[in-house]
Amino acid sequence: MSNTVEVAFTVNNIQYVRNVEPRMLLSDFLRHELGLTGTHVGCEHGVCGACTVLFDGQSVRSCLMFAVQANGHEILTIEGLGTIDNLHPIQQSFIEAHGLQCGFCTPGIILTLVPFLESNPDPSEEEIRHAISGNICRCTGYQNIVEAVKLAAEKMSPNT
Amino acid sequence: MKIEGEYLFNGPRAELWEVIRDPEILATALPGTKSLDKVGENEYVGEMNVRVGPVGGLFSGRLTVSNEVPPESLTLSVEGKGSPGFLNGMGNVILDEQGEDKTLMKYEGDVQVGGKLASVGQRLLDTASKSTIRQGLEALDMALQARVAAKAEGKEVEYTPPSESEFVAGVAKDMARQALSSRTVWIVIGVVVIIAILVVYWISAGSGS
Amino acid sequence: MTHKYIGKRIQRNEDPRLLTGQALFVDDVNIPGMLHAAFLRSDYAHARLKSIDVSAARERPGVVAVFTAEDMGADWKPGPPLVSPPPTVKDVTFFSRTQVPLVKDKVRHAGEAIAVVVAESRYIAEDAVEDIQVDLEPLEAVADLEKAMRPDSVRVHDDLDSNLAAHIVQVKGDYDKIRGEADLLIKRRIVIDRGAAAAMENRGIVANWDVKSQHLTVWDTTQAPIPIRNGLATRLGLSAHQVRVIAPFLGGGFGPKMMMFYPEEMLIPWLAIKLGRPVKWIEDRRENFYATTQERAQIHDVEMALTREGRILGIHDTFLHDTGAYDPYGLTIPLNTQSHMMSGYDVANFYSEIKVVFTNKIITTPIRGAGRPQGIYIAERLLDIAAKELGLDPIEIRKLNFIPPEAFPYEHKIIDQAFAPLILDSGNYRPVLEKAAVLIGYDQFVNEEQPRLRAEGRHIGIGIVSFIETTGVGPYEGARITVQTDGKINVATGVGTQGQGHFTSFAQVVAEQLGVAVKDVHLVTGDTAEFHWGTGTFASRGSVVAGNAINASAAGVRKKILKLASEVLKAPEDELELENGQVRVADIPQQSISLGELAALANPLRGAVEPGTEPGLEATAYFGPKYGAAAFGTHAMILEVDPETMMVEIKRYVVVEDCGTVLNPMILEGQIHGGVAMGIGNAYYEKLVYDDNAQLLNASLADYLIPTASEVPRIVIGHEETRSPLNPLGTKGVGEAGTIPVPALFAQALENALAEYNLEILETPLSPNRLFELIQDKEKSR
């Protein structure tokens, strides 16, 4: 190993300590070092949003970050949001509204939505489209994603 | 990509001609140049660090001088390639005397770019190349002035070329300046400031009554 | 016929895994000891390879091997041609030149792979790529189609006399004869330029050679695992059963993943065998712009002859088609263009001449639409121009020329890309167009809304275009269905899935036959170990061809179920019902047996199996259509143009689609939404920009603009259903339908929105910049 740095951070509530090269991207670290392959890499230049994860609760592009930058921070990936037996309401809504087709961009979109819905519990269509305008989907044409978000907002609202 | 422009040098034409035909001075005028060696009467080979936005790396290339009409004009041809791509260009340089101690350099040429520089650096190429040329000419001008001054006093030439980091900072500043030079950006900034002032006013007015 | 499962909006079986990061994509494959490959690619579009020195790269720590074409020795072979020209058309010229694993003598397009580095990590491999010293002598590159056809042009392939790759003429009737009788001749030059598929997942391959079992496993982002498996076996000197190709979940295909034997596909498995370790290569986005195929550039000189009432008498067209540096995919795309130039219109005379041209650009192979959008663009543009000249409404001129429902099957007499005569099997076009007009509010808009808004100074326009789409082509697909002893149903079929929901729509077909819940049908697609007969997912054929094979196979299983159950329940077959996973005697529900139990009985450990029967409840069936079913649709749109920025806002968008029997309306609508979004990109935001040196200038998503949620409008979808007589399910394909007419629609709507400029748009793609230029040019010429 050439020059490595020790990093310690939490991913999906599990503490990890690893030695990484400073130049290793956070996306590569999550996918290949930790085996959390739910976060996908679409462009590696920060445009498509497929690699979005939560970094201390904020949505960030993991392809534009180095693993060493995550030292001491908390990361949430799609695997930490819900499981097949215990889906998060956003995940459940995507099934019901057919908000995904190939599913490649989906984890990134969902993690973009988590902080968005926290601060916008009752978003309009325009607000939803604006919120996901930084995530490219080539399959769905976005319409059913918007429906899924509206459904998720309903499910997550304290009135239901 | 077409390149053209002019630059007013602070020195007589004959001296400027000497300066631009001197490979040692040329090598320092464009920081990032790691080497520039004469290999023939009118041929130089060299290495240069090139950076355009996110794309950068070491370029190696050949510079050829032709059509020399001293001290009026010449043609420069450049062929370079490296990991960021390749670059071929040809430019004509004309020197016009403007009185005894000023010279107007006019240049126009064509550059073809390929590889990463072309495909990823495209939107930045124009600004980056203009900035590079401007800074290079400024450095040449300083070299020219130092040379003229030294000759006048019979001394050795004292001249410190700009460093690579200064150069890179200069290019970055130019690119930012370019972005901010757009009128729209200033209008937006102006509107935001006005709104901010109004908001503060309303809040303070509201809390007053 | 009422269906219980077919035609229902059933939620997808595959979604929970995709939503929780539990679905395998190729880059997720991780094998102990796996190595990583990176490629040295040419920056020049056309260059002679003089020398290459990989010694420094080989010495870098962590690098296991570096290979050049020389190093491959006798194993270096160009890829196989995928599609030959149609055998029944006369006087076809065709020069087959296919892509190579690594450049040997000269580079023919920017990005062509020159050397491959295999290392312990992709990071190290990329470092080592920069260590390689390569001496390329740049040659003049040819980027422009017309320049490439000049006799003095630089040649992409030195062994040919020119850059002509193919030449084919197809004729129907006699255009020259009717030309003299026409009241109106519309003659135009139409120019179409390139775009990319840009699936969100880039390509990738992992290959693992198990030397002890002499077995090769390849995970590949391919739409065609079976042909890849067969071809790899041949190339590597292996038996087909020694090779397994798996196309797991794919992040979108859209066509380029149907291209086969990409250089990387030829190399990575070879490297795995050579090095005795698993090898992975994952394409990055910038590579994708160079290493994955593109499509679409054509230049047409076309003429339409009409009567003064607006009836089309004939179409005459000659065009140049850009195939890029190689032509592995034969004439597929330009033949599709030819077939769709007459669209759904009754055109008796047709002349079309294609010249396929080599250029120093990246290879062209089908992308969603696959040449059909170009043909439809021409048909619709010429009709729009004719309508203007004759003072006809765009809807009227189309209705006037539609093939009437009683004329089906309608023969166009030319050969299409599937080597079959172009026959439109069924259709009823007028109601589709009329429904679209109603849904968009055509009359009310044109007569009230638009004049009012125009008076306010707004540039708002409407467009409505129709199109056909040949779908569901052969040769065939197959499926094997098995009832398990736990009552669940296993289905294996050869096509792959890239997001279009096969796991669910095909399950619905099975559920319909066998009376089980859709979620109890488990499908495997794209794994040659499970099923190895078939071709792949392309040309909107999945639901038609594989769906019908699955239907036939399920029917076969149903027969066996009924036969065995009849013995077990001691009741005649026609009194038996299949429901909820049980076989029941009608009216005597207690007399029943579950499918699982029946399956166990069908596979006895004792006793004898009757001669002439098979154990288990399993059946395999194949389906090959006589020819492709032709779907039909109409798109309509209202948009507003900002005259200062030329940015476009789509106010209303309507699609009315007739694709025969619909398997799952939810999935169908998703396909249309996605297709329209891609069409909008193709029409107004996406263009691959090459310079005169065939350098690609926008090889990143920052500069190649894919529509986001802000650019794609809400889409209203209406249905008509004309069942296809060509297959038992009565279904037609729809995967590409959303994309095909959009460029033509944009042209019409933009002309309408900017009516004061009286533009005539004869090119695609457009963009805000380009629209501005067109207006400027128009103003100058006044």
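Visitor: Quick question: what am I supposed to make of the environment of Leu113(A) here?
Guide: Residue and element names in this part refer to chain A. Among the secondary structure elements, Leu113 is positioned in helix H3 (residues 106-119). We classify Leu113 as buried; its relative accessible area is 1%. Aside from chain neighbours lying at most four places away, what touches Leu113 is Ile90, Phe94, Ile132 and Val149.

Visitor: Explanation requested: the confidence of the model for chain C in the structure shown.
Guide: Note: predicted coordinates in regions of low pLDDT should not be interpreted at a detailed level. Predicted confidence across chain C gives a mean pLDDT of 95, with 100% of residues reaching 70 or more. Among the scores for the predicted complex, ipTM is 0.97 and pTM is 0.92.

Visitor: Would you mind going over empty space enclosed by the protein with me for this structure?
Guide: Using a probe with the size of a water molecule, rolled over the atoms, empty space left in the structure can be pinpointed. Residue and element names in this part refer to chain C. According to the stated counting rule, one finds 7 cavities of 30 Å³ or more in the structure shown. Lining of the largest cavity is provided by 18 residues; of these, His109, Pro263, Tyr290, Ala291 and Ile363 occupy positions nearest its centre. The set of elements that each furnish at least two residues to the lining of the largest cavity consists of helix H8 (263-275) and helix H9 (285-291). A per-class count over the lining of the largest cavity returns 10 nonpolar, 5 polar and 3 charged.

Visitor: I keep staring at the pattern of salt bridges and nothing clicks. Help me out?
Guide: Any two side chains of opposite charge can pair, on the condition that their charged atoms come close. Residue and element names in this part refer to chain C. Tallying each qualifying case throughout the model produces 74 salt bridges over all chains. Lys257 is paired through a salt bridge with Glu201; the nearest N and O atoms lie 3.1 Å apart. Highlighted residues: Lys257 in the loop between strand S12 (243-246) and H8 and Glu201 in the loop between strand S9 (184-192) and strand S10 (204-210), separated in sequence by 56 residues. When its relative accessible area of 4% is taken as the criterion, Lys257 is described as buried. Arg381 is paired through a salt bridge with Asp384; the nearest N and O atoms lie 3.0 Å apart. Note that Arg381 and Asp384 are positioned in helix H11 (residues 372-390) at a spacing of 3 residues, about one turn of the helix. Here the two residues Arg381 and Asp384 agree in accessibility, since each one is buried. Through salt bridges that share partners, Arg41, Arg122, Glu126, Arg203, Glu264, Glu283, Asp284 and Glu287 make up one connected network.

Visitor: What's the story with the packing of aromatic side chains in this structure? I'm lost.
Guide: Aromatic ring pairs: the centre-centre distance and the angle between the two ring planes describe each pair. All names here are of chain C. On inspection of all chains with the given rule, the structure shows 18 aromatic pairs over all chains. Each ring, one from Tyr476 and one from Tyr622, has its centre 6.0 Å from the other, and the planes form 70 degrees; the classification is edge-to-face. Of this pair, Tyr476 sits in the loop between strand S19 (459-471) and strand S20 (477-483) while Tyr622 sits in strand S26 (residues 618-623), placing them 146 residues apart in sequence. The interplanar angle of 85 degrees and the centroid separation of 5.4 Å between the aromatic rings of Tyr684 and Tyr685 together place this pair among those described as edge-to-face. Owing to a relative accessible area of 15%, Tyr685 belongs among the buried residues under this scheme. What links up through ring pairs into an aromatic cluster is the set Tyr345, Phe402, Phe408, Tyr429 and Phe632. The ring of Trp76 carries the charged tip of Lys104 above its face, separated from the ring centre by 4.3 Å.

Visitor: What am I meant to see in the interface of chain C and chain B here?
Guide: Across the boundary between the two partners, chain C contributes 17 residues, which contact 15 residues of chain B. With both chains or domains summed, chain C and chain B bury close to 1,200 Å², and 43% of this area falls on carbon and sulfur atoms. The interface formed by chain C and chain B holds 0 salt bridges in total. Where chain C meets chain B, there are 5 residue pairs in polar contact (both at pLDDT 80 or more). Of all the elements in the fold, those that place two or more residues in the side of chain C that touches chain B are strand S7 (133-138) and H9 of chain C. Class assignment for the residues of the side of chain C that touches chain B results in 8 nonpolar, 3 polar and 6 charged.

Visitor: Is there a simple way to explain the domain arrangement of chain C in this structure?
Guide: Interfaces are frequently sized by the accessible area removed from exposure as the parts join. Residue and element names in this part refer to chain C. Taken domain by domain, chain C comprises domain 1 (15-22 + 474-623) and domain 2 (298-473 + 626-780). The distance between the C-alpha centroids of domain 1 and domain 2 comes to 39 Å. Summed over both sides, the interface between domain 1 and domain 2 buries roughly 1,400 Å², with carbon and sulfur atoms accounting for 59% of that surface. Looking only at domain 1, the three residues that lose the most surface to domain 2 are Ala539, Ser540 and Val544, adding up to 34% of its buried area. Applying the counting criterion to the domain 1 and domain 2 interface returns 0 salt bridges.

So, how was this worked out
Residues numbered from 1 in each chain as written. Chains lettered and ligands numbered in written order. Predicted model: local features only at pLDDT ≥ 70, side-chain atom pairs only at ≥ 80, totals over all residues. Heavy atoms only, no water. Helix = DSSP H or I, 4+ residues; strand = E, 2+ residues; numbered from the N terminus. Buried < 20%, exposed > 50% of the residue type's maximum accessible area, 1.4 Å probe, protein only. Contact = heavy atoms within 4.5 Å. pLDDT = per-residue confidence, 0-100. 1 Å grid on protein atoms, 1.4 Å probe; cavity = no way out; pocket = protein on both sides within 12 Å on 5 of 7 lines; lining within 4 Å. Points joined across faces, edges and corners; volume = space filled by probe spheres on them. Nonpolar A, V, L, I, M, F, W, Y, C, P; charged D, E, K, R; others polar. Salt bridge = Lys/Arg side-chain N within 4 Å of Asp/Glu carboxyl O. Phe/Tyr/Trp six-rings, centres within 6.5 Å; stacked < 30°, edge-to-face > 60°. Lys NZ or Arg CZ within 6 Å of the ring centre and 35° of its normal. Buried area = accessible area lost by both parts, 1.4 Å probe. Polar contact = N/O pair within 3.5 Å; in protein donor to acceptor, adjacent residues only side chain to side chain. Domains from an automatic or database assignment.

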